[in-house]
Each structure stands twice: as C-alpha cells, then as structure tokens.
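# Topology and contacts: notes
The lines below spell out each chain.
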Amino acid sequence: MTSTTPDRLPSVSLGHASEPGLTVPQLGFGVWEVAEAEVETALALAIEVGHRHVDTARIYGNERGVGRVLADTDVPRDDLFVTTKLWNDDHANARQAFESSMVRLGIDVLDLYLIHWPAPGRDTFVEAWTTMLELQREGRVRSVGVCNFQPVHLQRLLDETGALPSINQVELSPYLQQRELRAFHAEHDIVTEAWSPLAVRAGLLDDPVVSQIAASHGVSPAQLVLRWHLELGNVVLTRSVTPSRIRDNTDIFGFQLTAGDHDQLGTLDRGQRTGPDPDRFGS
Ligand SMILES: NC(=O)c1ccc[n+]([C@@H]2O[C@H](COP(=O)([O-])OP(=O)(O)OC[C@H]3O[C@@H](n4cnc5c(N)ncnc54)[C@H](OP(=O)(O)O)[C@@H]3O)[C@@H](O)[C@H]2O)c1
C-alpha cells in the first residue's frame, strides 16, 4: 500500500458546553514505557509523519522529553494537542501535581488533563475532579477528563459535582470492546479514547480473523485494527519506538472496512484485559 496519510489527521469534537469548538486529533501518539532517552526520537518522527496529539503522564517519567520535542518542533504549539495525567497518589494534591507537570512539559496551557485511574479504594477521585474543574475554569487546561473510569465512577462524578468528563481513556480492543461503557459515553456525550488498541500482549495481531481481514485489504493486522478503532468513532492512541511501525500505524486512511468486516471483528469480544482491573487497581 502506498502512503495515504492525509495532510491533517481527522479530529473529534469534545462537545461539552464548557469547551466550545475544542477538538482532539483522532489519532494520538502515546509514550507509555518509552524511556526519556527514546521519547524525543520517537515523538519527533511521529510529528513528522502527521501526528498532532501526544499522550503522556507524570508516571511515565518522560514529560521533560516530551517538553523538549514541543520546544524544538517547527509545528506551532496551537496545532499540537498535549495530554498528561494525574497519578493516583496525587489526587489530594492535584493543583501542585499539575503545576509540576507543566514545568516539566514547559508549556503554559495544557490541552487535556486526565485522572489516570479512579483508584476507588482511596476514595479521592471526586476531590481530584473538583480541582481539575477549577484549573479548567482558570484557563490553565482546555479540557478535563478521566481514564479507566467505569460507569459507576462516572455517575458519581455527575452526582457529586454535576460535571462529567469530556473524554474517558480506557483499554479497548477487538478483544475488549467495552460495549456497556461506550453506551454510557454515547448517552452522556463523552468521547471514548482507546489505550493498548492493538492488545499486543493478548496476541490480537496473530488472531486468524484479524489476519484474514487485513490480507483482504492488503494491510497489516495492526493497520486493520487501528482502522477499526477510527471507524467506531473513537480517539485511538498508538505507540511504537520502531520507525517503520510509527509510519505504518499512521498510514490507515487509504482503505475502509466493510459491514461484514465489522460484524466479524465484533464477534472477537472476550472481555479480555491486558492491563489492570479499574475496580481494584491503585488502592
Ligand atoms: N490511561 C492508561 O491507564 C493507559 C494505560 C496504557 C496505555 N495508555 C496510553 O495508550 C498508549 C497506547 O497504548 P500501548 O502503549 O499499550 O499501545 P499498543 O499500540 O497497543 O502497544 C504498543 C506495543 O505494540 C508494539 N507495536 C506498535 N505498533 C506495532 C505494529 N504495527 N505491529 C506490531 N507491533 C506493534 C510496540 O512495539 P515497538 O515499540 O517495539 O515498536 C509496543 O510494544 C500508551 O502509550 C499510553 O500513552 C494509557
């Protein structure tokens, strides 16, 4: 397949009344487990091949490396969408954690700040959310959201603060399709963002159904799976330190899945996580 990556990757509206006109590029470049030394090369190439959305977190330990790329790139800051996250032990200390992340990133305004996990056993995520809403009202962050929240956690935010996140970043793949959660998101205008979209640790890329549909389109299993995510309307985060994969994972705009492909991929759902269970993790 020759490269069909458009000049500007598609965006999704964040849609909340408090964020008029704010959009997020549908394809993001994640840097989990990318060492500080590697992040600059990988992210610089990602930007070169068209990425305008980077996803980091305090706990990834590479915000400074991301900040150096933001400072060095020719792409204007306003054309880049930057996300970082609040770690579990900072829930009660969200303002200070935010300011420390901003110093490491070297920017004045963040595009998206996320609570990394609900960590329900700590019972501190509502406190964190209240501070994040304040940061948004003060104009320090354009949009606020969460990761790994189940419907019960989202409902609690609504009941106790009257405000829902614009986006929920969750593990999602053909092996973990999260139908109930996505229905909650659709009902409440929350954007779904997929992490570990390739379910590499569960062997999704070797699944015969995935391989066969990918071959029918002349693309790789990873390209097929990423395209499936885009066609669901989700934001999807890719991650690689391998230059050929960074290019291939962005080159997913020259083909479309058929209704039959979607039906077949829909049957792969096993509710299989490769990461922690959000109801238990972080307590
Ligand atoms: N909010 C959360 O709790 C949470 C949790 C996990 C992740 N995330 C975010 O989501 C991002 C994406 O998740 P992830 O890092 O697990 O992504 P992923 O794309 O599902 O997995 C990345 C792994 O797949 C490999 N890979 C990438 N492209 C490939 C391809 N075309 N063919 C074969 N293997 C390929 C990479 O290897 P190489 O690097 O060696 O190429 C890497 O080992 C993270 O970086 C992070 O920003 C958030």
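Quick note: structure is the one above.
Per chain, residues are indexed from 1 in the order of the written sequence. Reporting of local features is limited, given that this is a predicted model, to residues whose pLDDT is at least 70; pairs of side-chain atoms are given and counted only at 80 or more, and all residues count toward the totals for whole chains, interfaces and linings.

### Description of the nonpolar core
- Each nonpolar core reported here comprises buried Ala, Val, Leu, Ile, Met, Phe, Trp, Tyr and Cys residues connected via C-beta atoms within 7 Å. Our exposure labels follow a C-beta count within 10 Å of each residue's own C-beta, placed from the backbone: buried means 20 or more other C-beta atoms, exposed means 12 or fewer, and partly exposed covers the counts in between. Formed by 72 residues in total, the largest nonpolar core has its most connected members in Leu 43, Tyr 113, Ile 115 and Val 225.
- Think of it this way: any DSSP run of H or I at least four residues long counts as a helix, any run of E at least two long counts as a strand, and we number them from the N terminus. Looking at which element gives the most residues to this core, the answer is helix H8 (residues 221-232), with six residues.
- When residues no more than four places from it in sequence are discounted, the contact partners of Tyr 113 are Thr 84, Leu 86, Phe 98, Met 132, Leu 135, Val 141 and Val 144. Residues are defined as contacting one another if the C-beta atoms placed from their backbone atoms lie within 7 Å.

### Structural notes on the environment of Leu 157
- With respect to the helices and strands, Leu 157 occurs in helix H5 (residues 151-161).
- On the neighbour-count criterion, Leu 157 (21 C-beta atoms within 10 Å) is buried.
- Residues Leu 157 and Thr 130, spaced 27 residues apart in sequence, show a C-alpha to C-alpha distance of 9.1 Å.
- When sequence neighbours within four positions are dropped, the list of residues in contact with Leu 157 reads Val 126, Trp 129, Ala 163 and Leu 164.

### So, the site of the ligand
- Lining the immediate surroundings of the ligand are 25 residues, of which Gly 30, Trp 32, Trp 195, Ala 222 and Arg 239 lie closest.
- Contributions of two or more residues to the shell around the ligand are made by strand E10 (235-238) and helix H9 (243-250).
- Note on residue categories: nonpolar means Ala, Val, Leu, Ile, Met, Phe, Trp, Tyr, Cys or Pro, charged means Asp, Glu, Lys or Arg, and polar means any other residue, Gly included. When grouped by side-chain class, the residues that make up the shell around the ligand number eleven nonpolar, ten polar and four charged. Only the C-beta atom, placed from the backbone, is used; a residue is near a molecule or strand if that atom lies within 6 Å of it.

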